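Observations on the three-dimensional arrangement
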Amino acid sequence: MDSKQEVLKRKRMKSDEESSDSDTELKKPLCKYGEKCYQKNSYHVQKFRHPHRDNAAVRPRLETKLEDEKQATTNASLITSGSIEIVEKEKVAGIVDDSNHLMANQENVLQEAEVNADDELPPSPADAKENIKLKFLVEMPDDFYQFWAFCQSICSKNTLEIFKDSLGLELVGPFQLLEQNLKENEPKDKCGNFLTQWRFYYDPPEFQCVMADDLSKGYHIGYFRDSPNEMPMFVGSNTESKGCILTPISDNLFSALSQVISTRIKTADPFKKSQLATLKKQLEDWANRNDIIIEPQSQILKKRKKLMVANTFYECGIVVPVDKKTQVGYRKIPETDANIKKICKKIVESPNLSEQNKNSDALQELVTYVQYANDESDYGMGLELGLDLLAYGGEVFHPTILHLLGVAYELLERPEFTVILKAHLKERRRLAKIDAVE
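Residues numbered from 1 in each chain as written. Predicted model: local features only at pLDDT ≥ 70, side-chain atom pairs only at ≥ 80, totals over all residues. Heavy atoms only, no water.

Put simply, the test is: UniProt positions are given in the numbering used here, feature names are shortened, and annotations may be inferred rather than shown by experiment.
The protein has the name PBZ-type domain-containing protein in an unreviewed UniProt entry, where Daphnia galeata is given as its organism. UniProt annotates the protein under Sequence similarities (unreviewed entry) with the comment "Belongs to the HPF1 family."

In structure tokens, the structure reads:
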């Protein structure tokens, strides 16, 4: 009898939980795009309410609930009569379901990324911040908009090219949306177009380019963030023609540009030095008036090193949640960076498919270690190895990159990065006119 009462008690608890979930769902804000909403990633679905989707799912849920209640009653009867075999079988089935759940999630992430990258976007929101979030899947920090205001205070016309003569830099990506006056009757853009237009060959999903040179060498500046739902950790730069290294410069665009100007002044001719000095003074004066701190590069490097759990080939590190007591969250790849690069080199330079498969055994062994790490909640290893392969370069690694990072981003609740990655790999190309050196 006690067992039967326990089953009925669990039924009541389950009913209370479902009622609570329903109340929580009603408290969510409505999705502004209504039935036109194209978003399918888990973050958006959890944050906003979609009544048209919920209504379509009501009948299947009711049928499932009735079936569960019927099964629970049957199980209670069997327990009362002394037949506990069915309960043991259900426990085994539950374990099997749990082990298969992660694999199903991995497949869903990749399918979801492909759909989202190719979907047409709804009409552009009038609000600039919302428009940027819709197009680039991330929010821009306050200093981004303050920097735009500074640029317009110097030159309200052709603002995107304000630094072209002095520094050879152009404002790109999200800045272009600030200048555009998009109309509702304008042809719809696909999400992937915005995600890849100024995405250089080595750029990881965590990096969003906002300034670029004339593509002679592929030098560009952008924001780096560890999670799509957080503000950037730093402003960094990469020169595509020199390789994958992504260098932290500062924590805001004012400080970053100030450092770039200081570097350029050292090698500039007398006329250019005067021009750059004037620009630097304008920049720093505007920053001081608006309480924007301009720090030396050493400060941001110091801050970054404290947070990093691993370096990666990008040399700017990764950050993942790690339990201080158990150290669960990250484990070191059981191979040195130098040897991983040797493995990658052998695979890329394989003369034929047979040799490539043979040379891939060492990499596959590392992927297996990542799977073990994921099973034990050390999600950082897969993120590190996936980013290492992306940083090394080579189309042969794309399927492995999608697998490793797709799973890592899902487990770390960073699904927007999977969408960005999928769009990037689909159109990955070098933008610099000089061949990059790997």
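**As for the pattern of salt bridges**
What counts, and what does not: Definition used for salt bridges: Asp or Glu carboxyl oxygen within 4 Å of a side-chain nitrogen of Lys or Arg. Each helix corresponds to a stretch of at least 4 residues labelled H or I by DSSP, and each strand to a stretch of at least 2 residues labelled E; elements are numbered beginning at the N terminus. Exposure categories follow from relative accessible area, calculated using a 1.4 Å probe and restricted to protein chains: below 20% of the type maximum is buried, above 50% is exposed, and the middle band is partly exposed.
If you walk through the whole model with that rule in mind, you get nine salt bridges. A salt bridge links Glu284 to Lys280; its shortest N-O distance comes to 2.7 Å. Of this pair, Glu284 and Lys280 both sit in helix α11 (residues 270-289), four residues apart, which is roughly one turn of that helix. Here Glu284 falls in the partly exposed class, since its relative accessible area comes to 22%. Connected through shared salt-bridge partners, Arg331, Glu376 and Asp378 make up one network.

**Remarks on unusual backbone geometry**
Most peptide bonds take the trans configuration, and most residues that are not glycine carry a negative phi. A positive phi angle, near 65°, is found at Thr312, a position not held by glycine. Along the polypeptide, Thr312 turns up in the loop between α12 (297-307) and α13 (337-348). Note on Thr312: relative accessible area 3%, which makes it buried.

**With respect to the environment of Ile293**
For the record, the criterion: Whether two residues are in contact is decided by their heavy atoms, any of which lying within 4.5 Å being enough.
Mapped onto the elements of the fold, Ile293 is located in the loop between α11 and α12. Among the residues examined, Ile293 registers a relative accessible area of 57% and is labelled exposed. Separated by 41 residues in sequence, Ile293 and Asn252 have C-alpha atoms that sit 8.3 Å apart. In this view, Ile293 contacts Asn252 and Ser255; residues no more than four positions away in its chain are not counted.

**Things to note about the packing of aromatic side chains**
The test is simple: Centres within 6.5 Å are what make two rings of Phe, Tyr or Trp a pair, Trp counting through its six-membered ring; a difference in plane orientation under 30 degrees is then read as stacked, over 60 as edge-to-face, and the rest as tilted.
Tallied over the full model, the rule gives 16 aromatic pairs. An angle of 25° between the planes, with centres 4.2 Å apart, marks the rings of Phe144 and Phe175 as stacked. Placement of Phe144 in helix α6 (residues 142-154) and of Phe175 in helix α8 (residues 174-179) is noted, with a sequence separation of 31 residues between them. Between Phe224 and Phe234, the ring centres sit 4.9 Å apart and the planes meet at 5°, which makes this aromatic pair stacked.

**Topic: the nonpolar core**
The cut-off we apply is this: Put simply, buried Ala, Val, Leu, Ile, Met, Phe, Trp, Tyr and Cys residues joined by side-chain atoms within 4.5 Å make one nonpolar core.
Tyr314, Leu383, Leu387, Phe397 and Ile401 are the most contacted members of the largest nonpolar core, which has 55 residues in total. Going through the elements one at a time, β2 (207-212), α13, α15 (361-375), α16 (380-392), α17 (398-411) and α18 (415-426) are the ones with two or more residues in this core. In terms of residues, this core owes the most to one element, α16, which gives eight residues. When near neighbours in sequence (up to four residues on either side) are disregarded, Leu387 contacts Pro204, Glu206, Tyr314, Ile318, Leu405 and Tyr409. Met140, Phe254, Leu257 and Ala268 belong to the second largest nonpolar core, which has 39 residues in total.

**Brief notes about the packing of α6 against helix α10 (residues 253-265)**
The cut-off we apply is this: The angle between two axes is taken between their N-to-C directions and runs from 0 to 180 degrees, where each axis is a line fitted to C-alpha atoms and a helix contributes only its stretch in contact. Angles are sorted into four bins: roughly parallel if under 35 degrees, roughly antiparallel if over 145, roughly perpendicular if 65 to 115, and oblique for all others. Note on residue classes: Ala, Val, Leu, Ile, Met, Phe, Trp, Tyr, Cys and Pro are nonpolar, Asp, Glu, Lys and Arg are charged, and everything else, Gly too, is polar.
The N-to-C vectors of α6 and α10 enclose an angle of 55°; their axes lie 9 Å apart at closest approach. Classed by the angle they form, the pair α6 and α10 counts as oblique. Residue-level inspection shows Asp143, Phe144, Gln146, Phe147 and Phe150 of α6 in contact with α10, the latter providing Leu253, Phe254 and Leu257. Class assignment for the residues of the contact of α6 with α10 results in six nonpolar, one polar and one charged.

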